[in-house]
Every structure is written in structure tokens, then in C-alpha cells.
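Results of the structural survey
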Amino acid sequence: MISVIVPTFNAARTLGSTLESLAPCRPELLKELIVADGGSSDETVDIANKAGCVVVPANKGRGLQLRAGTRAATQQWLLFLHADTRLGDHWARAVSSFLQEPKSESIAGVFSFRLDDDGPRARILEQLVAIRVRVLALPYGDQGLLMSRALYDEIGGFADIPLMEDVDIVRRIGRRRLRVLPASVVTSAENYRRDGYILRSVRNLFCLGLYFVGVPPSRIVKIYG
């Protein structure tokens with residue numbers, strides 16, 4: 001029923017655990033794993049091939065890669081997942097219940113945000129993300145995105161942009177068609193540990209602000225890193 005689409009670029013350190021989190025529900029629920037690779041020079045493609053994924057070459061940039069992966073997908077449901085984000089406990093039950101709802105094809109689902117860090121800074125950030133989602137209806141791509149092919153086509157799919165593709169598509173979905181599923185995804189905290197929780201969060205917020213005032217994503221990506 002579901003095609004999983006993962007955009008990658010030199011993601012060998014995290015891709016394996018992301019794909020492993022999907023394994024228990026293959027092939028009953030997850031019929032197809034697609035890795036849309038933006039030209040990795042590490043072992044990303046080898047890991048994807050060994051896991052039985054369909055590897056789709058694409059120009060680098062998450063929006064472009066996600067569009068390329070979706071074009072290759074054959075199932076009526078699409079689950080977009082970052083390469084450093086793995087599905088947490090009880091996700092299959094939450095997804096199955098969502099798919100059985102009468103109007104599920106007209107809404108999109110995201111997961112709660114968690115980090116693989118046991119420290120207090122991670123818990124604070126998780127709470128702030130939950131507030132952002134509740135108040136602004138603005139989940140990011142590291143919360144996953146589940147939607148029907150029909151809804152994806154209706155709203156025009158991912159934009160061909162290198163960054164902010166998640167914000168762009170969620171705004172087009174709209175608050176009333178967005179559902180937070182009763183399950184979590186666990187994202188790598190490596191970038192936060194490397195850059196510092198405060199600095200990374202401030203930079204993300206700054207980039208979001210630039211996007212909202214009309215700065216092109218092609219320029220924002222140079223700041224985001």
C-alpha cells in the first residue's frame with residue numbers, strides 16, 4: 001500500500017538504521033522502498049541496494065530528489081522520510097489506523113518529533129517543536145510525511161527547490177488537512193551536538209524567517225549548510 005521515499009546524500013552513517021526501522025512491516029504494509037540519491041560518494045547507494053531499495057539518481061536538493069523518487073513510486077500511499085530519521089515504536093499501528101479512516105486520502109499525517117539524545121536540551125527542543133506544530137501547523141521533514149498519491153497530485157507535489165521543500169508543501173496542505181499521528185520518529189541529533197543546540201536552532205529559525213520574507217531557497221541553503 002505504501003511507497004517509502006528517502007532522499008539521500010552521503011547518508012551512509014544513518015541510512016542503515018532508518019531502513020532497519022522499516023523492515024518489520026515489509027512487505028505487508030510497506031510495498032516499496034525508494035532511495036532518491038543526489039550523487040553520494042560514500043556507501044549510501046550500496047546500503048540501499050543491499051536493503052532491497054529502488055535507487056533513483058536525482059539532482060542534489062531534497063525537493064528535486066523527493067519529486068524524482070515520487071515519480072518512480074507505484075503505490076497509492078507515499079511516506080517521505082529523511083535518511084537520518086527512523087520510525088519509532090507503534091508507528092505501524094498508527095499508520096494502519098490512519099489508512100483505515102474514511103477520509104484519510106484527503107489528509108496528511110506526520111509523526112511526533114524525537115531526538116536520539118538523552119540530554120535535557122533534546123527534551124526541551126522536542127517540546128518546542130511540538131508547540132510549533134500545534135500553534136503554527138508547521139512540522140518539518142524530520143517528522144516524516146504520509147499522504148495519498150491523490151492528495152500529493154492535487155497540491156502539486158514537492159517544489160523543485162533545494163531547501164524548505166517541507167515547509168512549502170505543508171503550507172499547501174494546510175492546517176485542516178494535517179494530522180499528528182500517535183507515534184514518533186527518532187531523528188539523529190548529530191547536527192545539534194556538532195553545532196550546538198542553541199546555534200543550530202537559531203540558524204534554523206533564521207532560515208525560516210528568510211524564506212517567509214521571500215528569500216529564494218537557493219540562497220538560504222548556503223546559510224543552512
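Higher on the page you've got the structure.
Quick summary incoming for the structure in this document. Small disclaimer: the values here were computed from a predicted structure and weren't measured.

Before going further, it helps to examine the nonpolar core. The biggest cluster of nonpolar side chains holds 31 residues, and the ones touching the most others in it are Ile-2, Leu-29, Trp-91, Val-95, Phe-111 and Leu-146. For this core, the secondary-structure elements that each account for two or more residues are strand 1 (2–8), helix 1 (12–22), strand 2 (30–37), strand 4 (77–80), helix 4 (91–99) and strand 8 (178–187). Ranked by the residues each element gives to this core, the list is headed by helix 4, at 6 residues. Once residues within four sequence positions are removed from consideration, Leu-146 is found in contact with Ile-2, Trp-77, Leu-78, Leu-79, Val-95, Phe-98, Leu-99, Ile-107, Ala-108, Gly-109 and Leu-181. Counting 21 residues, the second-largest nonpolar core is a separate cluster that includes Ile-5, Ala-68, Phe-80 and Ile-173.

This paragraph deals with the packing of aromatic side chains. Applying the stated rule across the entire model yields 6 aromatic pairs. Here the aromatic rings of Tyr-152 and Phe-158 are separated by 6.1 Å at their centres, their planes lie at 55°, and the arrangement is tilted. Side by side, Tyr-152 and Phe-158 carry an identical accessibility label, which is buried. Grouping aromatic residues by their ring pairs yields a cluster made of Phe-80, Tyr-152 and Phe-158. A cation over an aromatic ring shows up here: Lys-60 above the ring of Phe-9, its NZ or CZ 4.0 Å from the ring centre. Residue placement shows Arg-132 over the ring face of Tyr-140; its charged tip is 3.6 Å from the ring centre.

Each value, and the rule that gives it
- Residues numbered from 1 in each chain as written.
- Predicted model: local features only at pLDDT ≥ 70, side-chain atom pairs only at ≥ 80, totals over all residues.
- Heavy atoms only, no water.
- Core = buried A, V, L, I, M, F, W, Y, C linked by side-chain atoms within 4.5 Å.
- Buried < 20%, exposed > 50% of the residue type's maximum accessible area, 1.4 Å probe, protein only.
- Helix = DSSP H or I, 4+ residues; strand = E, 2+ residues; numbered from the N terminus.
- Contact = heavy atoms within 4.5 Å.
- Phe/Tyr/Trp six-rings, centres within 6.5 Å; stacked < 30°, edge-to-face > 60°.
- Lys NZ or Arg CZ within 6 Å of the ring centre and 35° of its normal.

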